[in-house]
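Here are the chains, one letter per residue:
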Amino acid sequence: MTEIATPNASSPSGAGEPPTLRHFIAGAWVDSTSGATFESVNPADTRDVVGRFQQGTAADVAMAVRAAESAGGMWRRTPAPKRGEIMYRFGALMAEHKERLARAMTREMGKVIAEARGDVQEGIDIAFLMAGEGRRMAGETVPSELPDKWAMSIRQPIGIAGIITPWNFPIAIPCWKIMPALVTGNTVVFKPSSDTPWCATLLVELMAEAGFPAGTVNLVTGGGAEVGDAIVDNPDVGVVSFTGSSATGRHIGARAGRKLKRLSLELGGKNAIAVMADADLDLATDGILWSAFGTTGQRCTAASRVVVERSVVEPLLDRLARRTSALRLGSGLDDRVDVGPLINEAAVKKVASYVGIGRAEGELVIGGDVAAEGELAHGHFFSPTIFSAVKPMDRIAQEEIFGPVLSVIPVEDYAAAAIAVNQTRYGLSSSIFTSNANTAFRAMRDFETGIVYVNAGTTGAETHLPFGGWKETGNGHREAGHAALDTFTEWKAIYVDFSGRLQRAQIDNQE
């Protein structure tokens, strides 16, 4: 077992004992008022206990909110370029500790080490991007309709941001949310998933080391019912940003709506890759496998549907089956492994239940079983699975499975493909493989998703473009890119009249 080296850990009570980690509130590492803890375990080998973490309470959240409120006035008055300088230091520290963070991530949530490094790199990228916003953060200066009058608009922080994040990108997604919140002058109360509290702890340690003042970032670990709801319900939390399931998003939306809070929701996906008859099938196969089975299918942007012209279904299926059979399952810390574990036992049961549905709806091509042979018996592994002859409205083609299950849907032509791609309540990511430029541009226009890729898979968003989806994938906000600032700022219009007399807009400008 790898020992956790972290400054806020209590001394283990015995040899081999996992340490206990604490909340971070007002610049100090503190125990929960509950006196209770929970364990985080390695999903590739559940005998490996990563650590024990505080079971947070509403009282803990209240303390974190008070700390954020106390720090808020100082932080919002700190010049934005200075806030950005601290953020640059944080990005540099992440880059310095990239391998340590990546290996910790793989141990705690299971994704293969190459993907974990990419996850950390996203955090680094967004830290640097948002640090630069400290010197940009542009408003507008526009001409007034009256003489000797100045008109402009500026962004200002909302106040306290509640940040609630999932386990599947435990470094990148917190950074996507926390960095724009901080650079715009908000303070933060951060609740990570209870499946990945160690990654969150390591991240906050680096934030403290970078020099974010006490109270600007506060970490409270624990369950959604205790910690998450307390953050959403607290009247002093002005904005909430959540990434997770659509069911939880609806729950948060209802609670936040009663208080008219600013709310950013990034929710589910049922993403499709369209493969046209003129596509490069080898390239399409590469894109499909990466999108479907990368992160073991546990991405909101994962491709769970392949909509393919009927004339190339068989050659594409042959390629997919051959390549899928060669994928190696195991611990993501092994560089030879292609597919890591699912996050927990509940995820295994969910995937297995959908495979049962798929056996009735489509034709099983490969996979379909829990993988429990040898060392895999100690983890949460499931064989990469492909179904063919799936119809667009089948359950496995409509409902988010969040695992390594792919449905292949045959269609007659591009028009039918576009209908099938859009025939879902989600709208996050889509892609098309074609050698015809006209078809590619039609897809860019027609696909009802927030992200469209051409001749690439459905994953691979870059931090300087907005990330988010249409329909039930979210509530219209975007993460990453300059658009992320909109979640965490209010617009203020300012008029300065230096004419020395009262001028009435829309009245005194009329002849």
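Placed above this text is the structure.
Since this is a predicted model, take the numbers as computed values, not measurements.

Chemist: Before we move on, can you summarise the overall build of the protein with the specific residues and values?
Modeler: Summing up its helical and strand segments, the protein has 15 helices and 21 strands in all. Here the protein has a C-alpha radius of gyration of 24 Å; the compact-globule value for 511 residues is 24 Å, and the two agree. Once the C-alpha set of the protein is aligned to its principal axes, its extents read approximately 80 × 75 × 40 Å. Put simply, the protein has 511 residues, and 56% of those count as buried. For the protein, long-range pairs separated by at least 24 residues make up 73% of all intrachain contacts whose partners lie at least 6 apart in sequence. Working note: accessible area of the protein is about 20,100 Å², and carbon and sulfur atoms make up 52% of it. Mean positive and mean negative side-chain charge positions of the protein (49 and 59 charges, respectively) differ by 4 Å.

Chemist: I'd like a rundown of the packing of helix 2 (residues 80-96) against helix 4 (residues 113-133), residues and numbers included.
Modeler: Direction vectors running N to C along helix 2 and helix 4 enclose 160 degrees, while the axes themselves pass 8 Å from each other. In terms of orientation, helix 2 lies roughly antiparallel with respect to helix 4. The element helix 2 and its partner helix 4 pack so that their crossing is left-handed. Facing Gly84, Met87, Tyr88, Phe90, Gly91, Ala92, Met94 and Ala95 of helix 2, the residues of helix 4 in contact are Val120, Gly123, Ile124, Ala127, Phe128, Met130, Ala131 and Gly132.

Chemist: Describe the side chain of Thr459, and please don't skip the residues or the numbers.
Modeler: Residue position: Thr459 is located in the loop between strand 19 (451-454) and strand 20 (470-471). If sequence neighbours within four positions are ignored, Thr459 has contacts with Trp290, Ser291, Arg299, Thr301, Ala302 and Tyr453.

Chemist: Mind laying out the sheet that holds strand 15 (residues 385-388), listing which residues take part and the relevant values?
Modeler: Here seven strands make up an open sheet; going across it, the order is 14-15-16-13-12-18-19 and the pairing mixed. The sheet is open, and its two borders are formed by strand 14 (363-366) and strand 19, each paired with just one other strand. Averaged over neighbouring strand pairs, the angle between their axes works out to 20 degrees when direction is ignored. Packing against the sheet, helix 10 (residues 313-325) makes contact with strand 12 (271-275), strand 13 (303-309), strand 14, strand 15 and strand 16 (405-411), and its axis sits at approximately 50 degrees to strand 14. The strands that helix 13 (residues 414-422) touches are strand 12, strand 13, strand 16 and strand 18 (429-433); relative to strand 13, the one it contacts most, it runs at about 165 degrees.

Chemist: Mind laying out the sheet that holds strand 6 (residues 149-157), listing which residues take part and the relevant values?
Modeler: Pairing within the open sheet is antiparallel, and its three strands lie in the order 5-6-21. The outermost strands of the open sheet, each flanked by one partner alone, are strand 5 (140-143) and strand 21 (489-497). Each adjacent strand pair in this sheet contributes to an overall mean axis angle of 20 degrees, direction not counted. Where strand 5 meets strand 6, four bridges bridge the pair, whose relative direction is antiparallel. Residue Glu140 lies in a different strand from strand 6, and its bridge partner there is Ser153.

Chemist: Provide a residue-level description of the nonpolar core, including the pertinent values.
Modeler: Of all hydrophobic cores here, the largest spans 94 residues; its most connected members are Met87, Phe90, Met94, Met130, Met179 and Leu182. Counting residues in hydrophobic clusters, the runner-up holds 28 residues, among them Val275, Ala279, Leu281 and Ile366.

Chemist: How would you sum up the side chain of Thr57? Please name residues and give values.
Modeler: Note on placement: Thr57 falls in the loop between strand 4 (45-54) and helix 1 (58-77). Since its relative accessible area comes to 18%, Thr57 is described here as buried. Residues in contact with Thr57, not counting those within four places in the same chain, are Ser32, Thr33, Ser34, Glu226 and Val227.

About the thresholds
- As a convention, each chain's residues are numbered from 1 in the sequence order in which they are written.
- For a predicted model such as this one, the threshold for reporting local features is a pLDDT of at least 70, and the threshold for listing and counting side-chain atom pairs is 80 or more; totals across whole chains, interfaces and linings nevertheless cover every residue.
- With hydrogens and water set aside, each side-chain value is computed from the structure's full complement of heavy atoms.
- Starting at the N terminus, helices and strands are each numbered in turn, a helix being any DSSP run of H or I of at least four residues and a strand any DSSP run of E of at least two.
- The reference for a compact globule is 2.2 Å times residues^0.38; the radius of gyration itself is calculated from the C-alpha atoms.
- Here the term buried applies to any residue with accessible area under 20% of the maximum for its type, exposed to any over 50%, and partly exposed to those in between, with areas from a 1.4 Å probe on protein chains only.
- The criterion used for residue contact is that any of the two residues' heavy atoms lie within 4.5 Å.
- In short, Shrake-Rupley with a 1.4 Å probe defines the accessible areas, and a residue's cover is counted only from the protein chains shown.
- The charge count treats Lys and Arg as positive and Asp and Glu as negative. His and the chain ends do not count.
- Lys charges are placed at NZ, Arg charges at CZ, Asp charges at CG and Glu charges at CD.
- In this analysis, axes come from line fits to C-alpha atoms, helices being fitted only over the stretch in contact, and the angle between any two N-to-C directions falls in the range 0 to 180 degrees.
- Throughout this description, any angle smaller than 35 degrees is read as roughly parallel, any larger than 145 degrees as roughly antiparallel, any in the 65 to 115 degree range as roughly perpendicular, and the remainder as oblique.
- Should the near helix be turned counterclockwise from the far one by less than a right angle, the crossing is left-handed, whereas a clockwise turn marks it as right-handed.
- Strands are treated as partners if at least two bridges between them are detected by DSSP.
- Residues belong to one nonpolar core when they are buried, are Ala, Val, Leu, Ile, Met, Phe, Trp, Tyr or Cys, and are joined through side-chain atoms within 4.5 Å.

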